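An overview of the molecular structure
Here's the letter readout for the chains.
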Amino acid sequence: MKTNSVIVLRKKWEPLKALLMSDLHWDNPHCDRALLKKDLEAAKAGGHDVFINGDFFCAMQGKYDGRRSKSEIRPEHNSSHYLDLLVSTAIDWFEPYAHCIKLIGYGNHETSILRHCETDLIERFVSGINLRTGSNIQVGGYGGWIKYRFERDENKVAGGKSYCIKYFHGAGGGGPVTRGAINFNRMATMVEGADAIWMGHVHESTEITYTMEYLSPKAVVYLRDVLMIRTPSYKEEYQDGSKGWHVERMAPPKPLGARWIELVPRRSKAKDKADTVSAHTYKTDING
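Here goes a summary of the coordinates provided.

**With respect to empty space enclosed by the protein**
- Scanning all chains against the criterion turns up two cavities of 30 Å³ or more.
- The calculated volume of the largest cavity comes to roughly 50 Å³.
- Every residue lining the largest cavity is listed: D27, N28, C58, A59, M60, Q61, E72, I73, H77, Y82 and L86.
- Broken down by class, the residue content of the lining of the largest cavity amounts to six nonpolar, three polar and two charged.

In structure tokens:
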């Protein structure tokens, strides 16, 4: 069930839209489940793929965790088999959207549980919901790849074009000024062949375009855009700004939601240029 870090999804030569989500913290009382449901319903209604880049769970209220607090646990999870309930109730809640979700990766909250409690929440959730619904959700990594392949014809005679997204949950605290942007520079030095680099973790919502120069096999210089994407969270920690760990460390209010990515394959009219896939992202609308 675990992927080898690459998902190949073959599509016709037509535009598509997918929902990029991270940091759901679904079991936290401050998760905006109404907004989460709204975004998942939009994906389901449109037949759009959903990808989740880590921190699906919060999972901070077990006796192993020094951050635990009685006020930070939902009543249905307040039990001696806390981790089991996280998995079973999540399967119930996400069942209507199982066939939209293509991949769930790990975040630092899931890897912490794996280290300290020796149980894999993501693997257990994915196995359970796939068994119940017949879906084919894949278990990703803390980092990995998503690859879309656009075919110009069904027989694959006329060629096609791929669009590759490198995902990595994220690292570091983000910073109130840089908002995690410096990590895009770091990723750009260590990743080749990506059309987009996608991270979460710091609960920010951004898209930055890096334009790169490269030399083709025929010694022609081309420029290509690489999207740097950061997806926000569904966990509202700031509240009214009066109290709490988030406020005490002078952390700012954070955006909520996810980001849509739209991919549009384009055929080149010039003989010396290849077909392209244009892309852009935009934040899910909280108010609309």
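**A word on the sheet that holds strand 12 (residues 276-283)**
- Spatial ordering of the open sheet is given by 5-4-3-2-11-12, a layout of six strands whose pairing is mixed. Among the strands making up the open sheet, the edge pair consists of strand 5 (138-139) and strand 12.

**Some thoughts on the nonpolar core**
- The biggest cluster of nonpolar side chains holds 40 residues, and the ones touching the most others in it are M21, F56, F57, F94 and F125.
- Elements with a contribution of two residues or more to this core: strand 2 (16-21), helix 1 (33-46), strand 3 (49-53), helix 2 (82-94), strand 4 (101-105) and helix 4 (121-133).
- A total of seven residues in this core trace back to one element, the largest contributor, which is helix 2.
- Counting 21 residues, the second-largest nonpolar core is a separate cluster that includes W13, L16, L263 and V277.

**Considerations on helix 1**
- The end-to-end C-alpha separation of helix 1 is 20 Å, in line with the 20 Å expected for 14 residues at 1.5 Å each.
- Contacts made by the buried residues of helix 1 are with strand 2, strand 3, helix 2 and strand 11 (259-266).
- Remark: G47 follows helix 1 within two positions and exhibits a positive phi of approximately 70°.

**Considering the sheet that holds strand 9 (residues 206-215)**
- The six strands are arranged 1-6-7-8-10-9 in an open sheet whose pairing can be described as mixed. With partners counted over all chains shown, the strands left at the sheet margins are strand 1 (6-12) and strand 9, one partner each. Within this sheet the neighbouring strands show an average axis-to-axis angle of 20°, counted without direction.
- Pairing analysis gives four bridges linking strand 7 (residues 160-168) to strand 8 (residues 196-199), with the strands arranged parallel. By the bridge assignment for strand 8, K166 is matched with I197.

**Quick look at the pattern of salt bridges**
- A full pass over the atoms with the stated rule returns 11 salt bridges.
- With a closest N to O distance of 2.7 Å, D92 and R132 form a salt bridge. A residue pair is termed long-range when its members are at least 10 positions apart, and D92 in helix 2 and R132 in helix 4 qualify at 40 residues.
- One salt bridge connects D275 with R152, and the closest N-O pair in it is separated by 2.8 Å. In this pair, D275 sits in the loop between strand 11 and strand 12 while R152 sits in the loop between strand 6 (143-151) and strand 7, placing the two residues 123 residues apart along the sequence.
- Put simply, R10, R149 and E151 are held in one network by salt bridges that share partners.

**What about unusual backbone geometry?**
- Backbone geometry places H25, a non-glycine residue, at a positive phi of 45°.
- Here H25 is to be found in the loop between strand 2 and helix 1.
- Here the phi dihedral of D55 falls at roughly 55°; this positive angle occurs in a residue that is not glycine.
- Looking at where D55 falls in the secondary structure, it is placed in the loop between strand 3 and helix 2.

What counts as what
- Residues numbered from 1 in each chain as written.
- Predicted model: local features only at pLDDT ≥ 70, side-chain atom pairs only at ≥ 80, totals over all residues.
- Heavy atoms only, no water.
- 1 Å grid on protein atoms, 1.4 Å probe; cavity = no way out; pocket = protein on both sides within 12 Å on 5 of 7 lines; lining within 4 Å.
- Points joined across faces, edges and corners; volume = space filled by probe spheres on them.
- Nonpolar A, V, L, I, M, F, W, Y, C, P; charged D, E, K, R; others polar.
- Pairing = 2+ DSSP bridges.
- Helix = DSSP H or I, 4+ residues; strand = E, 2+ residues; numbered from the N terminus.
- Core = buried A, V, L, I, M, F, W, Y, C linked by side-chain atoms within 4.5 Å.
- Buried < 20%, exposed > 50% of the residue type's maximum accessible area, 1.4 Å probe, protein only.
- Expected span 1.5 Å × (residues − 1).
- Contact = heavy atoms within 4.5 Å.
- Axes fitted to C-alpha atoms, helices over the stretch in contact; angles between N-to-C directions.
- Salt bridge = Lys/Arg side-chain N within 4 Å of Asp/Glu carboxyl O.

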